[in-house]
Amino acid sequence: MKTLEGPLNGAGLRIGLVAGRFNDFVSSSLVAGTRNRLVALGVTDDDVDLAWVAGAFEVPLAARAMAESGRYDAVVCLGSVIRGETAHFDYVAGEAAAGIMRAGYDTGVPVVFGVLTTDTVEQAMERADEERGNKGADCADAAVEMVRLLAAIRVG
Ligand code: INI
């Protein structure tokens, strides 16, 4: 049996980030966590582009545009939807998740889900913290792994 793997080697990859301005203090931490980890994996900082959108609801369309552009090997979606702040939580979070997944499925470009869904701002900050584990860093790993894994699958 041959095991196909996606090594965490980001050299030469171009990565698009999409971040929601809603709860921008959370998004900015997620962006920093993603960016730092991408660079640690060998991605050149100049090969990372960041697009800001209003909120999580707008993230999928921008992610899809990035994925369709042919300019990025993977797209990382970042933001937070916090239950305490809106009765629309389920709609915003659900549509963001579904749209992000579809952007990847429809384009074949890895589109990674880094939109936090939490009950409180504190829980969101915990997951966007450099010390306590930053979800953006996990997303950087997932993006690079998926690019390399898909390449390994295609080669066979
Ligand atoms: N957008 C978020 O990213 N997080 C939220 O918690 C949120 N709340 O609470 O409503 C939110 N709403 C804005 C939404 O994403 C759109 O930007 C807006 O509805 C315009 O389409």
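Residues numbered from 1 in each chain as written. Predicted model: local features only at pLDDT ≥ 70, side-chain atom pairs only at ≥ 80, totals over all residues. Heavy atoms only, no water.

Before going further, it helps to spend a moment on the sheet that holds strand 2 (residues 48-53). Reading across from one edge, 2-1-3-4 is the order of the four strands in this open sheet, with parallel pairing throughout. Bordering the open sheet on either side are strand 2 and strand 4 (111-118), each of which pairs with just one other strand. Strand-to-strand twist in this sheet, taken as the mean axis angle between neighbours without regard to direction, amounts to 15 degrees. (Pairing = 2+ DSSP bridges. Helix = DSSP H or I, 4+ residues; strand = E, 2+ residues; numbered from the N terminus. Axes fitted to C-alpha atoms, helices over the stretch in contact; angles between N-to-C directions.)

Mapped onto the elements, Asn23 comes out in the loop between strand 1 (15-20) and helix 1 (24-40). Asn23 sits in the buried class, given a relative accessible area of 9%. (Buried < 20%, exposed > 50% of the residue type's maximum accessible area, 1.4 Å probe, protein only.)

This part takes up the packing of helix 2 (residues 59-68) against helix 3 (residues 89-107). Axis separation between helix 2 and helix 3 bottoms out at 8 Å; the angle between their running directions is 10 degrees. Between helix 2 and helix 3, the crossing angle belongs to the class labelled roughly parallel. Along this stretch, helix 2 crosses helix 3, giving a crossing that reads as right-handed. Between helix 2, through Val59, Pro60, Arg64, Ala67 and Glu68, and helix 3, the contact on the second element is made entirely by Glu95, Ala96, Gly99, Ile100, Arg102, Ala103, Asp106 and Thr107. Class assignment for the residues of the contact of helix 2 with helix 3 results in six nonpolar, two polar and five charged. (Parallel < 35°, antiparallel > 145°, perpendicular 65-115°, else oblique. Left-handed = near helix turned anticlockwise from the far one by under 90°. Contact = heavy atoms within 4.5 Å. Nonpolar A, V, L, I, M, F, W, Y, C, P; charged D, E, K, R; others polar.)

Right, let's talk about the packing of helix 1 against helix 5 (residues 135-155) for a bit. Between helix 1 and helix 5, the shortest axis-to-axis distance is 7 Å and the interhelical angle comes to 45 degrees. With respect to helix 5, the element helix 1 is oriented oblique. Helix 1 and helix 5 meet at a crossing whose hand is right-handed. Residues Leu30, Gly33, Thr34, Arg37 and Leu38 of helix 1 pack against Lys135, Gly136, Ala137, Ala140, Asp141 and Val144 of helix 5. Grouping the amino acids of the contact of helix 1 with helix 5 by side-chain chemistry returns five nonpolar, three polar and three charged.

This paragraph deals with the nonpolar core. Ile15, Leu17, Leu38 and Val76 are the most contacted members of the largest nonpolar core, which totals 24 residues. Only strand 1, helix 1, strand 3 (74-82), strand 4 and helix 5 provide two or more residues apiece to this core. Take this core: its biggest share by element is five residues, from helix 5. Here Leu38 is in contact with Ile15, Leu17, Val43, Val48, Ala140 and Val144, once residues within four sequence places are set aside. Grouped together as the second largest cluster of nonpolar side chains are 20 residues, Ala62, Met66, Tyr72 and Val111 included. (Core = buried A, V, L, I, M, F, W, Y, C linked by side-chain atoms within 4.5 Å.)

When pLDDT is averaged along the protein chain, the result is 96; 99% of the residues meet or exceed 70. Mean pLDDT values over the elements of the protein chain span from 92, in strand 6 (residues 133-134), up to 99, in strand 1. (pLDDT = per-residue confidence, 0-100.)

Let us now look at the pattern of salt bridges. A side chain with one charge may pair with a side chain of the opposite charge, provided their charged atoms come close. Taken as a whole and assessed by the stated rule, the structure comprises ten salt bridges. Note that Arg64 is salt-bridged to Glu68, the shortest N-O span being 3.1 Å. Taken as a pair, Arg64 and Glu68 lie in helix 2 at a separation of four residues, close to a single helical turn. Arg83 is the partner of Asp90 in a salt bridge, and the nearest nitrogen-oxygen pair spans 3.8 Å. The exposure class assigned to Arg83 is partly exposed, which follows from its relative accessible area of 39%. Here the salt bridges do not stand alone but share partners, grouping Arg64, Glu68, Arg102 and Asp106 into one network. (Salt bridge = Lys/Arg side-chain N within 4 Å of Asp/Glu carboxyl O.)

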